[in-house]
Amino acid sequence: MGRMIYLDNNATTQMAPEVIKAISEAEPVVYGNASSMHTFGREAQRLVEEARGNVAELLDCQPSEITFTSGASETNNTVFMIAKSIIDRKGGRIVTTTIEHPSIIETVKYLRKQGIHVDQAPVSADGRVRMDELEKLMGPDVVLVSVMTGNNETGAIQPIKEISALAHRFGAMMHTDATQAIGKMQVSCKDWDLDYLSCSGHKFYGPKGVGVMYARKGRPFEPLVHGGEQEHGRRAGTYNTIAIYGLGVAAKLAKENIAEESHRLWAMRERLREGILANVPNVVVNGCKERENCLPGTLDVSFENVEGESILLMLDMAGIAVSTGSACATGSLEPSYVLLAGGLDIELAHGSIRFSLGRFNTMEDVDYVIEVLPPIIRRLRQLSTRG
Ligand code: PMP
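Residues numbered from 1 in each chain as written. Predicted model: local features only at pLDDT ≥ 70, side-chain atom pairs only at ≥ 80, totals over all residues. Heavy atoms only, no water.

Backbone hydrogen bonds hold the strands of a sheet together, and the pairing may be parallel or antiparallel. Strand order in the open sheet made by the 7 strands is E2-E8-E7-E6-E5-E3-E4, with mixed pairing throughout. The strands lining the two open edges of the sheet, one partner per strand, are strand E2 (66-69) and strand E4 (118-121). Mean inter-strand twist for the sheet, computed between neighbouring axes without regard to direction, equals 20°. The pairing of strand E5 (residues 142-146) with strand E6 (residues 173-177) spans 3 bridges and is parallel. Bridge pairing in E6 links Leu-144 to Met-173. Lying on the sheet, helix H2 (residues 39-59) is in contact with E2, strand E7 (196-200) and strand E8 (211-215); it crosses E2 at an angle near 115°. Packing against the sheet, helix H6 (residues 160-169) makes contact with E5 and E6, and its axis sits at approximately 155° to E6. (Pairing = 2+ DSSP bridges. Helix = DSSP H or I, 4+ residues; strand = E, 2+ residues; numbered from the N terminus. Axes fitted to C-alpha atoms, helices over the stretch in contact; angles between N-to-C directions. Contact = heavy atoms within 4.5 Å.)

Spelled out as structure tokens, the structure:
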């Protein structure tokens, strides 16, 4: 294999060496069931609780407010099913947006089939939620407001603190899916006055298949997975001890590195953006513009008269891994619903590529992309019958 550059960090990240070291040392010796009362069990439980402490530090909350899940999809489903249960008993509705991750968008479709009323606020061209429209959707009957912190495709960051204050003014609970934001910006359950938050280990250099649910003390909780008494009855199933421990190590690293990491990612993102704009004509940068409204490592670009999938394949042949729209939607050639929700022309949505930078990328990687990409686009445009 020649030079390989991974620019798909929003789809998933490589585990940090510190995480690999910690879990490979723990794996052979900590194999007890964390619910068992003997020494082996207690040792496993110790690792789980260490992780819970690290996550609580990262999210600025109490360890008792953290529940470990299989990932952000499960956490998002759990939060929406809690809201459904309240609405089934007392009435009410849910307010969310049109650009959430599929684990919310599809849950919304499911809940609507179950007779639950869900409203979705639109976004502007910069990918940010229309606050005026969101306010119009609010009322005393809203049980839950759910708005993601940072978008996985455009990188747009939402004003969560402001939205949380709005939700609470109407007596609703506030949830944010912070999966893409963790490790790239400060996230504080306390400062943002959140009731629920979702995130996932594999987006910040931890293991896959393990996630977090923050539920504020005293807020309603109903398990999605029923069974054992793990997590105080909040989530049944034998503890995924080693993965949870790895997530905890990743959380500690994320907290230590946020400021430096976000600065580095933004510098690479800006060099990539400027390099593409200077060397490729007829390009549109999608979503956020100002640094404070952008996830620092995300750059989504549409190339006129080219299919995103063709660009992806040509870049892959050159050793560069990127994504078209959301990785969760690959396999279908539907244009990204997130870009369409921001009002992007359907042709341009078909020609979009998401570059997502991470901890292991360098400026040299960025320069290589700037060198390789322009001739690929030129060639594809020559081949295109429309070009
Ligand atoms: N929310 C967002 C914003 C995401 O980007 C992702 C991952 N693509 C998820 C939720 C789902 O996370 P997981 O893979 O842990 O289920």
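Another point: the state of the cysteines. Evaluated as defined, the whole model comprises 1 disulfide. Bridging Cys-288 to Cys-294, the disulfide has an S-S length of 2.4 Å. In this structure, the disulfide formed by Cys-288 and Cys-294 twists by about 125° around the S-S bond and is classed as right-handed. Overall, Cys-288 belongs to the buried group, its relative accessible area being 2%. A residue is classified by how much of its surface remains accessible, and Cys-294, at 3% relative accessible area, is buried. With no disulfide partner, Cys-189 has as its closest neighbouring cysteine sulfur the one in Cys-61, 4.7 Å distant. (Disulfide = S-S within 2.5 Å. Buried < 20%, exposed > 50% of the residue type's maximum accessible area, 1.4 Å probe, protein only.)

As a further point, take the domain arrangement of the chain. Parsing the chain into structural domains produces domain 1 (5-13 + 258-386) and domain 2 (17-254). Contact residues are listed per partner, giving 32 residues for domain 1 and 37 residues for domain 2. Across the interface of domain 1 and domain 2, roughly 2,800 Å² is buried in total on both sides, 54% from carbon and sulfur atoms. Summed over the shared surface of domain 1 and domain 2, the result is 1 salt bridge. A salt bridge links Glu-18 to Arg-359; its shortest N-O distance comes to 3.0 Å. For the interface between domain 1 and domain 2, the tally reads 19 residue pairs in polar contact (both at pLDDT 80 or more). Only helix H8 (241-279), strand E10 (298-303) and helix H10 (337-341) provide two or more residues apiece to the side of domain 1 that touches domain 2. Residues of the side of domain 1 that touches domain 2, tallied by class, amount to 13 nonpolar, 14 polar and 5 charged. (Domains from an automatic or database assignment. Buried area = accessible area lost by both parts, 1.4 Å probe. Salt bridge = Lys/Arg side-chain N within 4 Å of Asp/Glu carboxyl O. Polar contact = N/O pair within 3.5 Å; in protein donor to acceptor, adjacent residues only side chain to side chain. Nonpolar A, V, L, I, M, F, W, Y, C, P; charged D, E, K, R; others polar.)

A separate point is the packing of H8 against helix H12 (residues 363-383). For any two helices packed against each other, the geometry comes down to the angle between their axes and how far apart the axes lie. Two numbers describe how H8 lies on H12: the axes approach to 10 Å, and their chain directions differ by 15°. Classified by the angle their axes make, H8 and H12 are roughly parallel. Handedness of the crossing formed by H8 with H12: right-handed. In this structure, H8 contributes Ala-267, Met-268, Arg-271, Leu-272, Gly-275, Ile-276 and Asn-279 to the contact, and H12 contributes Met-363, Val-366, Asp-367, Val-369, Ile-370, Leu-373 and Pro-374. A per-class count over the contact of H8 with H12 returns 10 nonpolar, 2 polar and 2 charged. (Parallel < 35°, antiparallel > 145°, perpendicular 65-115°, else oblique. Left-handed = near helix turned anticlockwise from the far one by under 90°.)

Strand order in the open sheet formed by 3 strands is E9-E10-E12, with antiparallel pairing between adjacent strands. Only two strands of the sheet have a single partner each, and these edge strands are strand E9 (283-286) and strand E12 (352-356). Neighbouring strand axes in the sheet, compared pairwise and without regard to direction, differ in orientation by 25° on average. Bridge count for E9 against E10 is 4 bridges, and the pairing is antiparallel.

As a structural note, the neighbourhood of the ligand is formed by 15 residues, with Ser-73, Asp-177, Gln-180, Ser-200 and Lys-203 the closest of them. Thr-179 places a polar side-chain atom, nitrogen or oxygen, 3.5 Å from a nitrogen atom of the ligand. For the ligand, an oxygen atom lies 2.8 Å from a polar atom in the side chain of Gln-180. In isolation the ligand offers 400 Å² of accessible surface; the protein chains occlude 88% of this area. (Near = heavy atom within 4 Å. Areas by Shrake-Rupley, 256 points an atom, 1.4 Å probe, with all protein chains shown as cover.)

To continue, consider the nonpolar core. By size, the foremost hydrophobic cluster in this structure holds 66 residues, and its most contacted members are Leu-59, Ile-66, Phe-68, Val-145, Val-187, Leu-197 and Phe-204. By residue number, the principal contributor to this core is H8, which donates 11 residues. Discounting residues that sit within four places of it in the chain, Leu-197 has contacts with Leu-59, Thr-75, His-175, Thr-176, Ala-178, Val-187, Cys-189, Val-212, Met-213 and Tyr-214. Of all hydrophobic cores here, the second largest spans 30 residues; its members include Ile-276, Val-306, Val-369 and Val-372. (Core = buried A, V, L, I, M, F, W, Y, C linked by side-chain atoms within 4.5 Å.)

Bringing the environment of His-226 into the picture now. Here His-226 shows up in the loop between E8 and helix H7 (230-233). For His-226, a relative accessible area of 63% puts it in the exposed group. Here the alpha-carbon distance between His-226 and Ile-242, two residues 16 residues apart in the chain, equals 22 Å. Polar contacts involving the side chain of His-226 include one to the main-chain carbonyl oxygen of Pro-223, which spans 3.3 Å.

Moving on: helix H9 (residues 308-317). Residues of H9 that are buried: Gly-308, Ile-311 and Leu-315. One side of H9 holds all its buried residues, which, seen down the axis, span an arc of 60°. In H9, the exposed residues that point more than 90 degrees away from the buried face are Leu-313 and Met-317. Phi turns positive one or two residues past the end of H9, at Gly-319, with a value near 85°. (Arc of directions from axis to C-beta.)

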